[in-house]
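Fold and contact review
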Amino acid sequence: MLAARLMAQINEKFGQNITLSALFQGATVENLAKILQQQIGSGSGSPLVAIKSSGTKTPFFCVHPAGGTIFTFPNLANQLDAEQPFYAFEQIPNEEEPSVISIQEIANQYLQEIYKVQPNGPYILGGWCYGGLVAFEMAQQLIQQGQKVAFLAIFDAIISETRIEPKADDDTKFIVRLTEFIKHLFNIDLSISYHELLKLPLDEQHQVLMEKLNITSDAEIQQHLRGFKLFKAHAQAMRNYEPQVYPHEINLF
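Throughout what follows, the structure given in this document is the object of discussion. All figures in this text were calculated on a predicted structure; none of them were measured in a lab. (Residues numbered from 1 in each chain as written. Predicted model: local features only at pLDDT ≥ 70, side-chain atom pairs only at ≥ 80, totals over all residues. Heavy atoms only, no water.)

**Re the side chain of Asp-171**
We apply this condition: We count a stretch as a helix when DSSP gives it H or I for four or more residues in a row; a strand needs E for two or more, and each element gets its number in order from the N terminus. Summary of the burial criterion: residues with accessible area below 20% of their type's maximum are buried, those above 50% are exposed, and those between are partly exposed, where the area comes from a 1.4 Å probe applied to protein chains only. Contacts described as polar in this section are N or O atom pairs within 3.5 Å, which, within protein, must combine one atom able to donate a hydrogen with one able to accept it, while residues neighboring in sequence count only if both atoms come from side chains. Contacts are assigned to residue pairs with any non-hydrogen atoms lying within 4.5 Å of each other.
Note that Asp-171 resides in helix α6 (residues 170-186). Residue Asp-171 is classed as buried on the basis of its relative accessible area of 16%. A polar contact is formed between the side chain of Asp-171 and the side chain of Lys-232, at a distance of 2.7 Å. Leave out the neighbours within four places in its chain, and Asp-171 touches Leu-202, Gln-205, Phe-228 and Lys-232.

Right, here's the structure in full:
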């Protein structure tokens, strides 16, 4: 959460969105300054982040969960073999109102980035939640292109048996779910209830959450709100996805 606050303050002062993954590449003022200079000079970069680019084994490409963050992936990378390269896909919540992009389309976009690092298979893919469905679709498209997928890892992904349409209380349910995640991850009980939020519009629901977290910076509040809206867009893309039968082995965690 301190990292998110730092990124928001950088955005407020320099007008540039720095990814949380920038901290994984060397958390020094000098390195962050270099990243800022590169972004200003060349525009937005690739969504593919090299958490560990060295190693003799086939690279592992892992896709972010709903919301686009990869803050848990460096820990996963550290648990793997020392010779295991690890790349993660990250999406920065830049848009005020992010559009719902289909799982098929985002899978194709991410494959184009993988080809720049590894032009041919066999491929090792993985993803968490939303990212699990994207990785699943990436594997499908690779198979259709005649490529080999050596390993497909899916973490905590959910597929509904029937299509789920947006509902009036989606915002409330998502925010309550977020508070439960915060409690589990950081041991912070925000004591926000579904009924407390239900009658409030999204901006006011989000404001309640920010007040509980003692977040007062407008830049930081807006950053968190963009992240929440990106989470919603990803959740709807998951709901819209109709998977086809995968012809090979899946490793479900």
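Past the structure itself, the notes keep going.
**Description of the pattern of salt bridges**
The test is simple: By salt bridge we mean one thing: a side-chain nitrogen of Lys or Arg within 4 Å of a carboxyl oxygen of Asp or Glu.
A full pass over the atoms with the stated rule returns 9 salt bridges. In this structure, Lys-34 and Glu-30 form a salt bridge, with 3.7 Å as the shortest nitrogen-oxygen distance. One end of the pair is Lys-34 and the other is Glu-30, both in helix α2 (residues 29-42) and 4 residues apart, which spans about a single turn. Under the relative-accessibility criterion, Lys-34 is labelled partly exposed at 40%. Relative accessible area serves as the criterion here: at 53%, Glu-30 is assigned to the exposed category. Salt-bridge contacts for Lys-183 lead to Asp-189; the nearest nitrogen and oxygen are separated by 3.8 Å.

**Remarks on the packing of α6 against helix α9 (residues 218-240)**
Definition in use: Here, axes are lines fitted to C-alpha atoms. For helices the fit covers the stretch in contact, and angles between N-to-C directions go from 0 to 180 degrees. Our angle categories are set so that under 35 degrees counts as roughly parallel, over 145 as roughly antiparallel, 65 to 115 as roughly perpendicular, and the remainder as oblique. In this classification, the charged set is Asp, Glu, Lys and Arg, the nonpolar set is Ala, Val, Leu, Ile, Met, Phe, Trp, Tyr, Cys and Pro, and all remaining amino acids, among them Gly, are polar.
Running from amino to carboxyl end, α6 crosses α9 at an angle of 110°, the nearest separation of the two axes being 11 Å. As the angle between them shows, α6 and α9 are arranged roughly perpendicular. Residue-level inspection shows Asp-170, Asp-171, Phe-174, Ile-175 and Arg-177 of α6 in contact with α9, the latter providing Phe-228, Phe-231, Lys-232, Ala-235 and Arg-239. Split by residue class, the contact of α6 with α9 holds 5 nonpolar, no polar and 5 charged.

**As for unusual backbone geometry**
Geometrically, the link from Gly-121 to Pro-122 is a cis peptide bond, its omega value of 5° lying close to zero. With respect to the helices and strands, Pro-122 occurs in the loop between α4 (103-117) and β4 (123-128). The phi angle at Asp-156 is positive, at roughly 55°, despite the residue not being glycine. With respect to the helices and strands, Asp-156 occurs in the loop between β5 (149-155) and α6.

**Focus on a nonpolar patch on the surface**
Let me state the cut-off plainly: Note that patches include only residues with greater than 30% relative accessible area and no salt bridge, and the join distances are 9 Å for like charges and 5 Å for nonpolar side chains (Val, Leu, Ile, Met, Phe, Trp, Tyr). Calculation of accessible area relied on Shrake-Rupley with a 1.4 Å probe; when residues are assessed, cover is drawn exclusively from the protein chains displayed.
Together, Phe-71, Leu-178, Phe-181, Leu-185, Phe-186 and Ile-188 give the surface a local cluster of nonpolar side chains, amounting to about 440 Å² of exposed area. For Phe-71, the location among the structural elements is in the loop between β2 (60-63) and α3 (73-79).

**Concerning α6**
Basically, it comes down to this: Expected helix span is taken as 1.5 Å per residue step, with the number of steps being one fewer than the number of residues.
Relative to the 24 Å expected for 17 residues at 1.5 Å per residue, α6 spans 24 Å between its end C-alpha atoms, a close match to the ideal helical length. Buried residues of α6: Asp-170, Asp-171, Thr-172, Phe-174, Ile-175, Val-176, Thr-179 and Ile-182, and no others. Summarising the contacts, the buried residues of α6 are in contact with α7 (194-197), α8 (202-212) and α9. Immediately beyond the C-terminal end of α6, within one or two residues, lies Asn-187, with a positive phi of roughly 60°.

**Some details on the pairing of β2**
Definition in use: Any two strands between which DSSP finds at least two bridges are classified as paired. Whether a crossover is right-handed comes down to one check: with the strands pointing away from the viewer, does the path from the first strand over the helix to the second run clockwise; if it does, it is right-handed.
The side-chain alternation of β2 yields two buried faces, one formed by Phe-60 and Cys-62 and the other by Phe-61 and Val-63. As judged from the 4 bridges shared by β2 and strand β3 (residues 86-89), these two strands associate in the parallel manner. Across the sheet, residue Phe-61 finds its bridge partner in β3, namely Tyr-87. For the handedness criterion, the β-α-β arrangement of β2, α3 and β3 is classed as right-handed. Direction of pairing for β2 relative to β4: parallel, over a ladder of 4 bridges. From the neighbouring strand, Val-63 faces β4, where its bridge partner is Gly-127.

**Concerning the nonpolar core**
Soluble globular proteins tend to pack their nonpolar side chains together in the buried interior. Our working rule: To form a nonpolar core, buried Ala, Val, Leu, Ile, Met, Phe, Trp, Tyr and Cys residues must be joined to one another through side-chain atoms within 4.5 Å.
Within the largest apolar cluster, 49 residues are counted, with the highest numbers of intra-cluster contacts made by Phe-89, Ile-114, Leu-125, Tyr-130, Val-134, Met-138 and Leu-152. Counting residues in hydrophobic clusters, the runner-up holds 11 residues, among them Phe-60, Cys-62, Ala-88 and Phe-155.

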